[in-house]
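Read off the chains here:
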Amino acid sequence: MSITNFDSVFEFVGGFGPYQMILFAVECITCLFFTFVYCGQIFMTLTPPHWCRTPADLDLNLTIDLNLTQDEVKELTIPRDETTGKYLQCVMYDVDFSEIVMNNSSWPNSSWPTTSCTNGWTYDYSLYYPTITSQLNWVCDDDWRPTVCQSVFFLGSLLITPFFGWAADKWGRLPIIVFTNVLGGVAGVISAFCTSFVTFAVSRFIVGMTFDTQFMVTFVLLLEYVSSEYRTVVSHIPVAFFLTLSMAAIPWLALAIADWSTFAVIIHAPQLISIIFIWLLPESARWLINQGRIKDTLKILQRVAKLNKKTLSPEFIEDFNVYGASQQTKEGEANTIDLLKTPVLRQRLVILCICWMVCALAYDGHMRNTQNIGNNTFVSFSLGGLVEVPADLLTIMLLEKIGRRYSTVLSLILGGLASCVIATIPEANTAGVVGVAMVGRFLITIAMNSGQQYPVEVLPTVARGSGVSTIHTLGFLTFFASPYVVYLAKYGYYLPYVILGIVSVAGGLVCIVLPETLDQILPDTLEDGETFLTNQSLCYNPCARKRSESKEILSK
């Protein structure tokens, strides 16, 4: 029989042709959706520079009767931080300002008593724009609210993603891709019209329920339809040129729109076009086989072959029917619990969970903390996005040259060490802090890219959807914690980086025991997954194997 596994089908239908290009284009679109949803919320909840507002009658008295400029009023009424010299954002002096100015007393005086911002706040929009944070005054005593909204977003992912992963294995990839995009788009548009903390948090919870699934299930579907030699390229080119570049552009989109509510509509409404995916995307052929739907699988493969200008012979169809019948097992109902029942799959699932949790925390922490470094949040965030482009492209080369394992382990360890170095750089050395932070982000991006592809190649088809969802769900625990790690910058600019650095190094050491999956045929059944690369040593070097194979070919 010419068909021994699903990957051998690509010899007849084409491993990467016009049909796969359609899937590739959809993956590029979902990368844009992912960036808009994931990064967009940061620019909806930014906190513009602010300080205590003076009472209206006092402000008029100081500016009109006493002829002070607004800058002089601010200097008179707002204390400065003794260390940095920056204006304090949550207190103002509590004295009779008019009397001080009329008596020509020396001002300001750091010994004056202070009070809280009982009259509200003045926001500086010269480099910012109105956000929900400034609209609802989520500052000072309420500065925890934006952080909680960010965490609630990931709480939605944490609680609901396992269900969508199970649903993708139960009902198929395609309906879940469309449903999560539409639900997330509707909830995102609704969030633009929220006027309270509760309603905004609820809408972000619903958006969070969907954002990872709509991206990852599409990602899995694409990898299931390309042959092994193309998996790395099609995995990371969309990320490099659509996800990453849109990440670099989104700060300027937000700044150009200059209104958080309009911005929210613009970044979420495009998700609704995913309805057309019903006609553009196929169901997973691997999933259909494991469901015993051989005729449906053949129809899709015939469509793939036709677009790829291939012809399927009667012999192929006969062989495929035999192969399909051999794959009809009870494993069509497999899930994460089944992965935990056998020792090899259980160990690998646990390690993959740890790997992704570390990558998620480190990556999200680096991305969010850009608002705490540099002199301009938009420039720092955009620079961080641009740094990821060469990291994404380098990932492709590393994964194909040194393999998945070494790429993941080395990037995590080196990225962690770079993060720890930041603690030795004085905060005043802005260029030094930003430079090393970008090195750390560059390396963590490589780890994130590797960690995203790893589970798809290690876990068997019958439980791939639920397994990947479980891994990402546990990752959301660290995503949930990430805003609070970044919040620690309030007590020391280096604290987030030290924490991220230690966690990254530890995670890199754990990932050493994962198998190397470069150029390997994807496992389909639980039995395949349990025996997959079990004879591979920790010292296995795919580079050495390729050199050896090349020498053998040349010697013949």
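Because the structure is predicted, anything quoted here is derived from the model rather than measured.

Calculation notes
Residues numbered from 1 in each chain as written. Predicted model: local features only at pLDDT ≥ 70, side-chain atom pairs only at ≥ 80, totals over all residues. Heavy atoms only, no water. Core = buried A, V, L, I, M, F, W, Y, C linked by side-chain atoms within 4.5 Å. Buried < 20%, exposed > 50% of the residue type's maximum accessible area, 1.4 Å probe, protein only. Helix = DSSP H or I, 4+ residues; strand = E, 2+ residues; numbered from the N terminus. Contact = heavy atoms within 4.5 Å. 1 Å grid on protein atoms, 1.4 Å probe; cavity = no way out; pocket = protein on both sides within 12 Å on 5 of 7 lines; lining within 4 Å. Points joined across faces, edges and corners; volume = space filled by probe spheres on them. Nonpolar A, V, L, I, M, F, W, Y, C, P; charged D, E, K, R; others polar. Expected span 1.5 Å × (residues − 1). Patch = residues over 30% accessible without salt bridge, like charges linked within 9 Å, V, L, I, M, F, W, Y side chains within 5 Å. Areas by Shrake-Rupley, 256 points an atom, 1.4 Å probe, with all protein chains shown as cover. Salt bridge = Lys/Arg side-chain N within 4 Å of Asp/Glu carboxyl O. Disulfide = S-S within 2.5 Å. Axes fitted to C-alpha atoms, helices over the stretch in contact; angles between N-to-C directions. Parallel < 35°, antiparallel > 145°, perpendicular 65-115°, else oblique. Left-handed = near helix turned anticlockwise from the far one by under 90°. Phe/Tyr/Trp six-rings, centres within 6.5 Å; stacked < 30°, edge-to-face > 60°. Lys NZ or Arg CZ within 6 Å of the ring centre and 35° of its normal.

**Observations concerning the nonpolar core**
Core analysis: the largest hydrophobic core is formed by 116 residues, its most contacted members being Tyr38, Phe43 and Phe320. Residue contributions to this core peak at 15 residues, all from helix H2 (residues 18-44). Non-local contacts of Phe320, meaning those with residues more than four positions away in its chain, are made with Ile3, Val9, Ile289, Ile294, Thr297, Leu298 and Leu301. Ranked by size, the runner-up nonpolar core spans 18 residues in total, among them Cys52, Val73, Leu76 and Ile78.

**So, empty space enclosed by the protein**
Here the idea is plain: a probe the size of a water molecule rolls over the atoms and shows the empty space left. Scanning all chains against the criterion turns up five cavities of 30 Å³ or more. Contributing to the lining of the largest cavity are 20 residues, with Phe34, Leu243, Tyr363, Met448 and Gln452 lying nearest its centre. Listing elements by their share of the lining of the largest cavity, those giving two or more residues are H2, helix H9 (197-224), helix H10 (231-257), helix H17 (343-368), helix H18 (377-401), helix H20 (430-458) and helix H21 (464-487). Of the residues belonging to the lining of the largest cavity, the class tally is twelve nonpolar, five polar and three charged. Estimated volume of the second largest cavity: approximately 80 Å³. When residues of the lining of the second largest cavity are assigned to their parent elements, the largest contribution, five residues, is made by H9. When grouped by side-chain class, the residues that make up the lining of the second largest cavity number five nonpolar, four polar and two charged.

**Some details on H9**
With 28 residues, H9 should reach 40 Å at 1.5 Å per residue; the first-to-last C-alpha distance of 41 Å fits that figure. In terms of burial, H9 is a largely internal element, 23 of the 28 residues being buried.

**Structural notes on a nonpolar patch on the surface**
Taken together, Phe241, Phe242, Leu245, Leu386 and Leu393 make up a surface patch of nonpolar side chains, about 400 Å² in accessible area. When residues of the nonpolar patch are assigned to their parent elements, the largest contribution, three residues, is made by H10. Mapped onto the elements of the fold, Phe242 is located in helix H10.

**Observations regarding the state of the cysteines**
Applying the stated criterion to the full structure yields two disulfides. Paired by a disulfide, Cys52 and Cys117 hold their sulfur atoms 1.8 Å apart. Since a negative S-S torsion denotes a left-handed disulfide, the Cys52-Cys117 link at about -60 degrees is left-handed. Separated by 65 residues along the polypeptide, Cys52 in strand E1 (residues 50-52) and Cys117 in the loop between strand E3 (114-116) and strand E4 (121-123) bring together distant segments of the chain. Taken as a pair, Cys52 and Cys117 share a single burial class, namely buried. The connectivity of the disulfides in the protein is 1-3, 2-4, where the numbers refer to bonded cysteines in sequence order. Lacking any disulfide linkage, Cys353 is separated from the closest cysteine sulfur, that of Cys355, by 9.9 Å. With no disulfide of its own, Cys359 has Cys355 as its nearest cysteine by sulfur position, at a separation of 4.2 Å. Judged by its relative accessible area of 0%, Cys359 falls in the buried class.

**Considerations on the packing of H2 against H17**
Taken N-terminus to C-terminus, the directions of H2 and H17 make an angle of 40 degrees; their axes are 12 Å apart at the nearest point. In this view, H2 runs oblique relative to H17, as classed from their interaxial angle. By crossing handedness, the relation of H2 to H17 is classed as right-handed. Seen from H2, the contacting residues are Tyr38, Cys39, Gln41 and Ile42; seen from H17, they are Tyr363, Asp364, Met367 and Arg368. Here the residues of the contact of H2 with H17 sort into five nonpolar, one polar and two charged.

**A word on the packing of aromatic side chains**
Tallied over the entire structure, the rule returns 27 aromatic pairs. Taking 5.8 Å as the distance between ring centres and 85 degrees as the angle between the ring planes, the aromatic pair formed by Trp138 and Phe197 counts as edge-to-face. Placement of Trp138 in the loop between helix H6 (132-135) and helix H7 (144-171) and of Phe197 in helix H9 is noted, with a sequence separation of 59 residues between them. Considering the side-chain rings of Trp252 and Phe378, the 6.3 Å spacing of their centres and the 40 degrees angle between planes classify their relative orientation as tilted. Of this pair, Trp252 sits in helix H10 while Phe378 is found in helix H18, placing the two residues 126 residues apart along the sequence. For Phe378, a relative accessible area of 2% corresponds to the buried category. The ring of Phe197 has Arg145 lying over it, and the distance from NZ or CZ to the ring centre is 4.8 Å.

Read these as layout, nothing more, since geometry by itself doesn't imply function.
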